[in-house]
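Fold and contact review
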Protein chains: 2
Amino acid sequence: MRIHSHEIYLNLHKQVDASRTLGYGEFKFLWDKIKKLVAVYKKHDVDKSGTIDSMELRNATGDAGFQLNNRLLDLIIARYADDKLQMELDDFITSLIRLEVMFRVFQILDNKEKTGSITLNLQQWLLLTIC
Amino acid sequence: MRIHSHEIYLNLHKQVDASRTLGYGEFKFLWDKIKKLVAVYKKHDVDKSGTIDSMELRNATGDAGFQLNNRLLDLIIARYADDKLQMELDDFITSLIRLEVMFRVFQILDNKEKTGSITLNLQQWLLLTIC
């Protein structure tokens, strides 16, 4: 089974707040985000090979609004790029949408106290990470 | 790109403890776990359809050693089963290996104080959930 970016997004939103309904605004946000990522990807695929390499990825993520440290960027490459460290468009979108979603999940969970950290019990951890 | 169970396992282990090396014992554990899941799946695919339904899944997960509450089981079905709530062998293994990995990650993170909860900052959260 293929994991689709929008499914991850929807599932996680449901988990974070079961009572929340996803309206037009949320879908439009996701759609606009994907459109932006496609444009960024095409811009940074400078040799028009249909893939971007790890250096192009670093620039592309920055251009897409993500300021990633080396450890996180290395992990994304290890997880989503192929054996030659090349990343296709679909994987680029999937990885950055997931990153965006996880960032937003953290913000929602940290919303009340704004401590910069979140505390989860086992049940919460499994519900949020099984997706 | 396909997400393989063993890749999830390896990546998460690397994240939880970067200094940890994966020896024969770890690989054998994973291999034995997959073999067990295959056997459980085949046992519970009572009509030999090549898929199991949500009721068969409930029994199969229990037989595989997972005591899941309804919310977690519903989430796994929503995430890994198809539109007809049928689950193929590969998705069965992927979902339960991921569940096992996330359970072990929680245990490792909660290892020192055994409080039953874990506290993560944004960086830790992203590194653990981007996989």
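Since we're looking at a predicted model, the values are computed, not measured.

Considerations on the environment of G62(B)
Mapping G62(B) onto the fold places it in helix α3 (residues 54-63). Sequence separation of G62(B) and Q124(B) is 62 residues, and the distance between their C-alpha atoms is 31 Å.

Description of unusual backbone geometry
When glycine is set aside, most residues are seen to have a negative phi, and most peptide bonds are trans. Residue and element names in this part refer to chain B. Non-glycine residue K48 carries a positive phi angle of around 50 degrees. By the element assignment, K48 lies in the loop between α2 (24-44) and β1 (51-52). For L85, which is not a glycine, the phi torsion comes out positive at approximately 65 degrees. As for its position among the elements, L85 is in the loop between α4 (70-80) and β2 (87-88). For L85, a relative accessible area of 42% translates into the label partly exposed.

Overview of the pairing of strand β3 (residues 117-121) of chain B
Residues I118(B) and L120(B) point to one face of β3(B) and are all buried, whereas S117(B), T119(B) and N121(B), pointing to the other face, are not buried. Judged from the five bridges that link them, strand β3 (residues 117-121) of chain A and β3(B) form a sheet pairing that is antiparallel. Across the sheet, residue L120(A) finds its bridge partner in β3(B), namely I118(B).

Structural notes on the pattern of salt bridges
This structure, assessed with the given rule, holds six salt bridges over all chains. In this structure, the salt-bridge partner of K43(A) is D63(A), at a minimum N-O distance of 2.8 Å. Placement of K43(A) in helix α2 (residues 24-44) and of D63(A) in helix α3 (residues 54-63) is noted, with a sequence separation of 20 residues between them. Owing to a relative accessible area of 33%, D63(A) belongs among the partly exposed residues under this scheme. For K33(B), the salt bridge identified is with E100(B), shortest N-O distance 3.3 Å. Taken together, the residues K33(B) in helix α2 and E100(B) in helix α5 (residues 89-109) connect sequence positions 67 residues apart. There is no split in this pair, since K33(B) and E100(B) are both buried.

Points about the UniProt feature "domain: EF-hand" (unreviewed entry) in chain A
UniProt annotation of "domain: EF-hand" (unreviewed entry) refers to residues 32-67 of chain A when read in the numbering used here. Between the first and last C-alpha atoms of residues 32-67 of chain A the distance is 19 Å; the span itself is 64% helix and 6% strand.

What about the packing of aromatic side chains?
Here the distance between the centres and the angle between the planes together describe a pair of aromatic rings. Residues and elements named next belong to chain B. Counted by the stated rule, this structure contains three aromatic pairs over all chains. Considering the side-chain rings of Y41 and F92, the 5.2 Å spacing of their centres and the 55 degrees angle between planes classify their relative orientation as tilted. Separated by 51 residues along the polypeptide, Y41 in helix α2 and F92 in helix α5 bring together distant segments of the chain. Among the residues examined, Y41 registers a relative accessible area of 4% and is labelled buried.

About the cut-offs
- Residues numbered from 1 in each chain as written.
- Chains lettered and ligands numbered in written order.
- Predicted model: local features only at pLDDT ≥ 70, side-chain atom pairs only at ≥ 80, totals over all residues.
- Heavy atoms only, no water.
- Helix = DSSP H or I, 4+ residues; strand = E, 2+ residues; numbered from the N terminus.
- Buried < 20%, exposed > 50% of the residue type's maximum accessible area, 1.4 Å probe, protein only.
- Pairing = 2+ DSSP bridges.
- Salt bridge = Lys/Arg side-chain N within 4 Å of Asp/Glu carboxyl O.
- UniProt positions renumbered as here; feature names shortened; annotations may be inferred.
- Phe/Tyr/Trp six-rings, centres within 6.5 Å; stacked < 30°, edge-to-face > 60°.

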